[in-house]
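Listed here are the chains, written in short residue letters.
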Amino acid sequence: MVEKIQHLEMHGITKRFPGVLSNNNVNIHLDAGEVLAILGENGAGKTTLMNILYGLYQPDAGNISLNGKKVKINSPSEAIQLGIGMVHQHFMLVPTLTVCENVILGLSKTFLVDLKTAKKQVQEITDKYGLAINLDAYVWQLSVGEQQRVEIVKALYRGANLLILDEPTAVLTPQESNELILLLKNMSNQGNSIILISHKLNEVMAISDRVTVLRDGEVCADVNTLETSQEALARLMVGRDMAPCRRDSEFFPGKPILELQDVFAKGDMGTDALAGVSLTIREGEILGIAGVSGNGQKELAEVIGGLRKVSKGKIVLNGKESTKMAPARIIEQGLGYIPEDRLHVGTIPSFSIWENLILKDHHQPPFAKRSLLQNRVIMSHSSSLVEKYGIKTPSLETPTGRLSGGNIQRVILAREITRNPVALVAAYPTRGVDIGATEYLHSKLLEARRNGIGVLLISEDLEELTSICDRIAVLYEGKIMKVMPVEETDERLLGLLMAGIVE
Amino acid sequence: MSSRSRGVFIQIVVLLAALVGALLIGAVFLILAKSDPLKAYGVMFTGPISDKFGITETLVRTVPLLLVGLGIVISFRSGIINIGAEGQILAGAIGAAAVAVSLPDMPAVLLLPLVFLAGGLSGAVWGGIAGWLKARLAVNEILSTVMLNQIALQLYLFLIRGPLIDPKEVSYGTGVPQTASIPQQIWLSRLIPGTRLHSGLIFALLLAVLVYFFLWRTSIGYRMRAVGAGPEAARYAGIKVEWYLILAMALAGGMAGLAGAVEVTGVHHRAIEGISAGYGFSGIVAALFGRLHPLGTIPAAVLFGALLLGADMMQRAVNIPAAMVMVIQGLVVLFVVSSDYFLKNPSFLTHLKAKIFGQKVDGEGGK
Ligand SMILES: Nc1ncnc2c1ncn2[C@@H]1O[C@H](COP(=O)(O)OP(=O)(O)OP(=O)(O)O)[C@@H](O)[C@H]1O
Ligand SMILES: [Mg+2]
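Criteria and cut-off values
Residues numbered from 1 in each chain as written. Chains lettered and ligands numbered in written order. Predicted model: local features only at pLDDT ≥ 70, side-chain atom pairs only at ≥ 80, totals over all residues. Heavy atoms only, no water. Core = buried A, V, L, I, M, F, W, Y, C linked by side-chain atoms within 4.5 Å. Buried < 20%, exposed > 50% of the residue type's maximum accessible area, 1.4 Å probe, protein only. Domains from an automatic or database assignment. Contact = heavy atoms within 4.5 Å. Helix = DSSP H or I, 4+ residues; strand = E, 2+ residues; numbered from the N terminus. Pairing = 2+ DSSP bridges. Right-handed = clockwise from strand over helix to strand, strands pointing away. Axes fitted to C-alpha atoms, helices over the stretch in contact; angles between N-to-C directions. Parallel < 35°, antiparallel > 145°, perpendicular 65-115°, else oblique. Left-handed = near helix turned anticlockwise from the far one by under 90°. Nonpolar A, V, L, I, M, F, W, Y, C, P; charged D, E, K, R; others polar. Lys, Arg positive; Asp, Glu negative; His and termini not counted. Salt bridge = Lys/Arg side-chain N within 4 Å of Asp/Glu carboxyl O. Polar contact = N/O pair within 3.5 Å; in protein donor to acceptor, adjacent residues only side chain to side chain. Expected span 1.5 Å × (residues − 1). Buried area = accessible area lost by both parts, 1.4 Å probe.

Before going further, it helps to spend a moment on the nonpolar core. Ranked by size, the top nonpolar core spans 162 residues in total, and within it A:Leu260, A:Leu279, A:Leu300, A:Ile304 and A:Leu456 carry the most contacts. Of the domains in this structure, domain 1 (1-35 + 321-344) and domain 2 (56-319) of chain B are the two that each give at least three residues to this core. Dropping the residues within four chain positions of it, A:Leu279 is found in contact with A:Leu258, A:Glu259, A:Leu260, A:Leu287, A:Ile289, A:Leu300, A:Leu456, A:Ala473, A:Ile480 and A:Val483. Of all hydrophobic cores here, the second largest spans 36 residues; its members include A:Ile104, A:Ile125, A:Ile133 and A:Leu196.

For the rest of this paragraph, the subject is the pairing of strand E7 (residues 162-166) of chain A. All names here are of chain A. Summarising burial for E7: five of the five residues are buried, a large majority. Bridge count between strand E6 (residues 84-87) and E7: four bridges; the pairing is parallel. If you follow Ile84 over to E7, its bridge partner there is Leu162. Pairing between E7 and strand E8 (residues 193-197): five bridges, direction parallel. Bridge pairing links Leu163 to Ile194 in E8. Following the backbone out of E7, through helix H6 (residues 174-189) and into the adjacent parallel E8, one traces a crossover that is right-handed.

What follows is about the packing of helix H4 (residues 115-129) of chain A against helix H5 (residues 144-157) of chain A. Axis angle and axis distance: for two packed helices, these are the angle between their axes and the distance between the axes, and together they describe the pair. Residue and element names in this part refer to chain A. In contact at an axis separation of 10 Å, H4 and H5 are set at 110 degrees when each is read in the N-to-C sense. Of the possible angle classes, the one that applies to H4 and H5 is roughly perpendicular. Where H4 crosses over H5, the two elements pack in a sense that is right-handed. Counted together, Ala118, Gln121, Val122, Ile125, Thr126 and Tyr129 of H4 and Val153, Leu156 and Tyr157 of H5 form the full contact between these two elements. By residue class, the composition of the contact of H4 with H5 is seven nonpolar, two polar and no charged.

Let us look at the sheet that holds strand E4 (residues 61-66) of chain A. Residue and element names in this part refer to chain A. A sheet is described by the order of its strands in space; here four strands give the open sequence E2-E1-E4-E5, paired in antiparallel fashion. Two strands lie at the open edges of the sheet, namely strand E2 (20-31) and strand E5 (69-71), each paired on one side alone. Geometrically, the sheet is characterised by an average inter-axis angle of 25 degrees between neighbouring strands, direction not taken into account. Relative to E5, E4 runs antiparallel, the two being bridged by three bridges. Bridge pairing links Leu66 to Lys69 in E5.

Residues and elements named next belong to chain A. Mapped onto the elements, Glu203 comes out in helix H7 (residues 201-207). Of the buried charged residues, Glu203 lacks a salt bridge, with Lys200 as the closest side chain of opposite charge at 4.1 Å. A distance of 3.3 Å separates polar atoms of two side chains, one belonging to Glu203 and the other to Ser198. Setting aside anything within four residues of it in sequence, one finds Glu203 in contact with Thr169, Ser177, Ile181 and Ser198.

Turning to H5(A), a few remarks are in order. Residues and elements named next belong to chain A. Between its terminal C-alpha atoms H5 stretches 20 Å, which fits the 20 Å expected from 14 residues at 1.5 Å a residue. The buried count for H5 comes to twelve of 14 residues, which makes it a mostly enclosed element. If you check which residues of H5 are buried, you get Gly145, Gln147, Gln148, Arg149, Val150, Glu151, Ile152, Val153, Lys154, Ala155, Leu156 and Tyr157. Residues of H5 that are buried in the fold lie against E6, helix H3 (99-104), H4, E7 and H6. Downstream of H5 by one or two residues, Gly159 has phi in the positive range, about 90 degrees.

What follows is about the interface of chain B and chain A. At the interface, 23 residues of chain B touch 32 residues of chain A. Between chain B and chain A lies a buried interface of about 2400 Å² when both sides are counted; carbon and sulfur atoms form 61% of it. By the criterion of area lost to chain A, the three top residues of chain B are B:Ser219, B:Tyr222 and B:Tyr236, representing 32% of everything that side buries. For the interface between chain B and chain A, the tally reads one salt bridge. Counting the contacts that link chain B with chain A gives twelve residue pairs in polar contact (both at pLDDT 80 or more). At the level of elements, helix H8 (200-217), helix H9 (219-229) and helix H10 (231-236) of chain B are the ones that each hand at least two residues to the side of chain B that touches chain A. At seven residues, the largest contribution of residues to the side of chain B that touches chain A is made by H9(B). Looking at the side of chain B that touches chain A, its residues break down into ten nonpolar, six polar and seven charged.

This is how it looks when you write it as structure tokens:
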């Protein structure tokens, strides 16, 4: 049995990557039963620090001690042996195995697995923390929130009593997030230590005992949660006061720019993911799509972008029917699109920043003349965008996949907005993005609206929707429940509609 | 040393280590085959560089390896794996030879480009078939290219034994399966008199530069790399992914086809049996060894040209079965491909760098 972690200390941690000092002399400490939140803007070095603790990276300087003893953690398996568990943003589960099989995977010392005893042990853990989960269900049947719970059980089963969670709620619905917060509280009450990375200040306030704030790789504050406030934390992170964006009340929408008429489309499973969606987006307005993700949001964005076939119905973009147009033609017609999967759809991770900035325009002047790339023009264009959109990067040649999440989003935003679209589809644009960048993104969307662009904003964040949208539509099981002006909405009504309940 | 040149240096070290590893295991096989590995490797490594003959013969083998390798670079960079270069070489060789022997009186300025065009196009069609099958019917390109190799081989044999066989072979009754000799005016000039080194080398080197330029400086090359590196993002950006898969395979096939045409016009002066000589497979290794970079493939092709020649010489000198040479080549392939794992492992690289340069340096990944 592992010795229980009573006290963790990371001291003087420094980690350098080519061109960036990701962690600079960082100190953190944590006691048993404590919940430590790590806050910081995108690229502040939070994930790097946790990867060091979990043995994925070696620090260039500094050391880690557990219960007063210095330890060297060379790999995740050594971290697990010491009682440290980590839940990554991308789950590492085998979909075709059951929950129980996934939990015990790779742990059996004998050739034959004693599933019965193992299952009893797993059951003990889930009972102890009140984790509602069916051990015999297959992982592919589970929702994202449930899969995350499996990851947590996996870590606990391996004896973890210090759990690291990197932006665990970024992928969860609001309700699932609340459940997770309760679970984490319960776990810490039973003596486990938890390190939580999150951009959502309300969650941080609700669950943590202490907050360590990182800025540009350095610790800039370490405060008790009780002695601080959301505003104070925001100021510490960003280094200035935050002014949440609100739309101006003047609202002069123009002619319809993007229309969906009774659109049907199949999802990946072959069932109707969109079942008769009708929407109209006008110039100079932001139409919000509220709803729990998985109710057709992804498919909605994809049919508009021409990436998914419409099985019935009609889409009109900028006065022309675009239902059957190829993606290239739709882009030409003036559609901007910020996709949900920013790393693999919005960008090519191994391509450099400048290559990603011309992803949609690499073939036309001024970036290409007679099929020859005009490197000088491209470089000066890219460096001006990097500056204008505040993309933090060591150089234009840096592969985009190495940037932090918020900076990747800025690359996409810079590209999509400078193309001067007539309509812009933005799917979860602020997921996992820090509050400074969120504010910036909102201001850009509002600027687009002022410039007469019709914006379709898909989001799960009701606060985001109600603060910048003109109208909100609720999507439930592939159908639009209701479309209403934002003044007529409130959280309760939206919540009911999102659950498919009409009053 | 700058961080970048250090990175390149590390890559070379790892690749050479892989090579040494392969040869060590190869030595075990040599001992099993009852020959002296020291003597065998001695011949293998000194033979190709000891005299004019060795060097020029190395370069003669470099030409088809480089051409095939360039095609491999294009296809792998575009995200499609081409195992079909053997068949594409044969298609190119027979296409080139057929055009050449049927227009014996045409002046070289017209005929030579025409013959190269025929070779390139035949290879391109043969490669393009696999690309089309992949893009339209989602047929795995590894399976289809391997199958197409078989079909190409049988068709090729049929043609040089039957319809295209040298009439002289028939009238003399010897029946060696080969086409008639191609018109002398399009024999590629010899760069060094008295050797087989021909001007195809210059052609291949120029093409390497051209492929580099194409992939990194043109918008079509950009698209092909985008399709390979991020197919979903490419589709999202309006790039017709399927079409570029077909194009990539056609270009790869075209390169291999040109290799066939060069072998016909530069070395054999006719299409003979076994003209592809395994270049279609070794070319893949050369491209991988060159880190899938057109210019990196140049030294890699020279290296593998020397290895092939060295293996031939070794076989003669210490009298081991030809199969043993294949074993050693296969080992080299396995080791080189596996070394990729180490080149992509940042902590291993950091470790190695610290060892070599004796100081702490940045933990960057391979290029
Ligand atoms: N493997 C790597 N190679 C090079 N640079 C890296 C690597 N990992 C992280 N970085 C850089 O280190 C810095 C810190 O990144 P990190 O992922 O730790 O930020 P973060 O605080 O987790 O940000 P986010 O909130 O966006 O997730 C960034 O500038 C990032 O580009
Ligand atoms: Mg992070």
